[in-house]
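Okay, here's what each chain looks like letter by letter:
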Amino acid sequence: MQSRDDFLNWVKDRNPQETEFVQAVSELSASIWPVLEASQDLQDQRIIERLSEPDRAVSFRVVWTRDDGDVEINRGYRVQFCNALGPYKGGLRFHPSVNQSVLKFLGFEQIFKNALTGLPMGGGKGGADFDPSGCNDGEIMRFCHAYMRELHRHIGPDIDIPAGDIGVGAREIGYLFGAYKAMTNEFGTVLTGKQPVFGGSEMRTEATGYGLVYFVSCMLGDADMDIDGMRVCISGAGNVATHAAEKMIDHGAKVITLSDSKGTLVVEDGLTREQVADIRQHKASGGGSLEAVADAVSGTWHAGDAPWKVACDIALPCATQNELDEKAAKTLIDNGVRLVAEGANMPCTADAIEAFRSADIYFGPAKAANAGGVAMSGLEISQNRMRMYKGRDELADLLKSIMHDIHDTCLNAAKDAGHGRDYAHGANIAAFQKVSKALMAFGAI
Ligand code: NDP
C-alpha cells in the first residue's frame, strides 16, 4: 500500500496552493490510515483518493450594483463534494477571504460532520469573496439576488441544500430564498436557516452554539466534571460564539471573553446573558468592533489580541479557521485549560491539536462539536418535506439527543481503535467508516 506521505503528495500536486484543503485532508488521513491499512477493499477501491476529489466545483461571476450606481464584480462558488449519504448540504460564506481552497476544506469537513449527525446529508460548501461590511440592506439584497441568479441552476431539494455560514444569516437566507422562489416558481426545500414564518426551524439560529455546549457537557460528564463554575474563553462574537456563550451561562459557567477581527473583550467577572444579547444585537446592526461595548459591560479591550492568553478552564474557538496555533495552545495549557472544543471549522492548527493531545487536554473536534447547526438543518429539511411544524422544546430535545449520540459515536470509535478519549481520531474514524461503506456499495463510480 502507498504511504500516507505519498498520498498527501498526490493531493498537494493535484491542488497546488490549496493549503487549507490539504490541511483538512491531512488531518483526516492521519486518523483513518490504520483503517485503510487493515482493508484491502478500501485500498483497491481508492476510497480516500476518491473522497479527496469533489464531485464538482463551480465558480461564477456575480455582478451587482451599489447604491451610488457603481457596478461591482465578485466571484461566487459552490463546491459539491460528496453526496454518498444524501443531497449535498453545507453553508454559504460571504467574506473577502473566500476562495476555492477554503471552500474545498469546508466542503470536505462537511462530508464527515454530516455523516456523524446520523441524518441523510452529503457534504458541500459555497459562498463568495463578497465583503458585506459597510454594505447597506439594499446592497446586501442585490448581492444575494445576483448570487442566486447563477446558484439556482445548481441546487434543488434532492440535489443540494445550502445554509448560512460567516456573513450569511437569516436576512441573507431570506433574500436568497426569495430569489430562488422567483426564478424557479417553486417553494422547495432548497435552503435551511430560513425564518420560521416561511418554513424555518425555531432553533436553527441557536443550534450550533447550543449544540457545542451540549457536546462539551457530554465530554465533561464522561470525565466526572461539570460546566458549573468553569471559566470559559470564547473567540468570535457572531452566531456560534454568542449562542455558545449564552448556553454556557445557562449552565453556570463564567464567560470571560468574546472577540472579533479587531481584538478581544475581557470581562473578568463574566458576561451576563443580557450583555451577550446586547453584543449580538450590536454586531447584527453593523455596530462594528466589540471595543465600543467594553465600557458598558465593565470589560477591557485588547486590540489585535486573541483570547488565548487569558487563563480559563474551557476554551471555545468560534471565529474562523487556524485562529489557534501551537503557541496559543501551549499558553492555554500552561494556564491550566482542561478542555478545548471547536465551535468554528478547523480553528486549531494541526500543531495546536498535537499540543493538546500531548498534554492530555480533552479536545472536541469541529466535525463533532459544531455539528448541531447542520443537524438542526437536517431536521428543518424533514419538517419541510412533511409540511409540518415543530416547536422549540421538541427541537431542543432532539438537538441534545443528537449531540449526545455524536459524542458517544466518537468516543466509542476512539476507544475501539485504541485511542482512549481522543475525540478527534474517533470522529474521523466513525465518519469515514460510514461514508466509505456507502461508496463501496456504489461500485467504482
Ligand atoms: P459570524 O459571521 O456570525 O461570526 C464570525 C465571527 O468571527 C465574527 O465575530 C468575526 O469578527 C469573527 N472573525 C472572523 N474572521 C476573524 C479573524 N480572522 N480573526 C478573528 N475573528 C474573526 O459567523 P458564524 O458564527 O456563523 O461562524 C463562525 C465559525 O463557525 C465559522 O468557522 C463557521 O464556518 C463555523 N460554523 C458556523 C455554523 C453556523 O451555524 N453558523 C455551523 C458550523 C460551523 P468581525 O465581526 O470583526 O467580522
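To start, this report covers the structure provided alongside it. Since the structure is predicted, the reported quantities are computational estimates derived from the model, not experimental observations. (Residues numbered from 1 in each chain as written. Predicted model: local features only at pLDDT ≥ 70, side-chain atom pairs only at ≥ 80, totals over all residues. Heavy atoms only, no water.)

Across 10 bridges, strand E1 (residues 56–65) lies against strand E2 (residues 71–82) in antiparallel orientation. Note on E2: the bridge partner recorded for Val-62 is Asn-74. Where E1 folds back on E2, the antiparallel hairpin that results is connected by five residues, among which Gly-69 adopts a positive phi of roughly 95 degrees. (Pairing = 2+ DSSP bridges. Helix = DSSP H or I, 4+ residues; strand = E, 2+ residues; numbered from the N terminus.)

Enumeration over the complete set of coordinates arrives at 18 aromatic pairs. Plain terms: the ring middles of Phe-21 and Phe-81 are 5.9 Å apart, the flat faces sit at 40 degrees to each other, and that makes the pair tilted. Here Phe-21 is found in helix H2 (residues 19–37), whereas its partner Phe-81 is found in strand E2, with 60 residues between them in sequence. The pair Phe-21 / Phe-81 is uniform in exposure class, with both members buried. Taken together, the ring pairs in this structure connect Phe-60, Trp-64, Phe-94, Phe-130, Phe-143 and Tyr-147 into an aromatic cluster. (Phe/Tyr/Trp six-rings, centres within 6.5 Å; stacked < 30°, edge-to-face > 60°. Buried < 20%, exposed > 50% of the residue type's maximum accessible area, 1.4 Å probe, protein only.)

Bringing the packing of helix H15 (residues 392–416) against helix H16 (residues 423–442) into the picture now. Remark: H15 packs on H16, axes separated minimally by 7 Å, with the N-to-C direction vectors making an angle of 100 degrees. As summarised for this structure, H15 and H16 are arranged roughly perpendicular, according to the angle between their axes. Contact residues: His-407, Thr-409, Cys-410, Leu-411, Ala-413 and Ala-414 in H15; Tyr-423, Gly-426, Ala-427 and Ala-430 in H16. Grouping the constituent residues of the contact of H15 with H16 by class yields seven nonpolar, three polar and no charged. (Axes fitted to C-alpha atoms, helices over the stretch in contact; angles between N-to-C directions. Parallel < 35°, antiparallel > 145°, perpendicular 65-115°, else oblique. Contact = heavy atoms within 4.5 Å. Nonpolar A, V, L, I, M, F, W, Y, C, P; charged D, E, K, R; others polar.)

Once that is clear, we can look at the site of the ligand. Lining the immediate environment of the ligand, one finds 22 residues, of which Arg-93, Asp-165, Thr-208, Ser-261 and Asn-345 sit closest. Contacts to the ligand include Gly-167, whose backbone N or O atom sits 3.4 Å from an oxygen atom. Here an oxygen atom of the ligand sits 3.1 Å away from a polar atom, N or O, in the side chain of Arg-204. In isolation the ligand offers 890 Å² of accessible surface; the protein chains occlude 78% of this area. Taken together, the elements giving at least two residues each to the shell around the ligand come down to helix H8 (204–222), helix H9 (239–250) and strand E7 (254–260). Looking at the shell around the ligand residue by residue, the classes come out as six nonpolar, 11 polar and five charged. (Near = heavy atom within 4 Å. Polar contact = N/O pair within 3.5 Å; in protein donor to acceptor, adjacent residues only side chain to side chain. Areas by Shrake-Rupley, 256 points an atom, 1.4 Å probe, with all protein chains shown as cover.)

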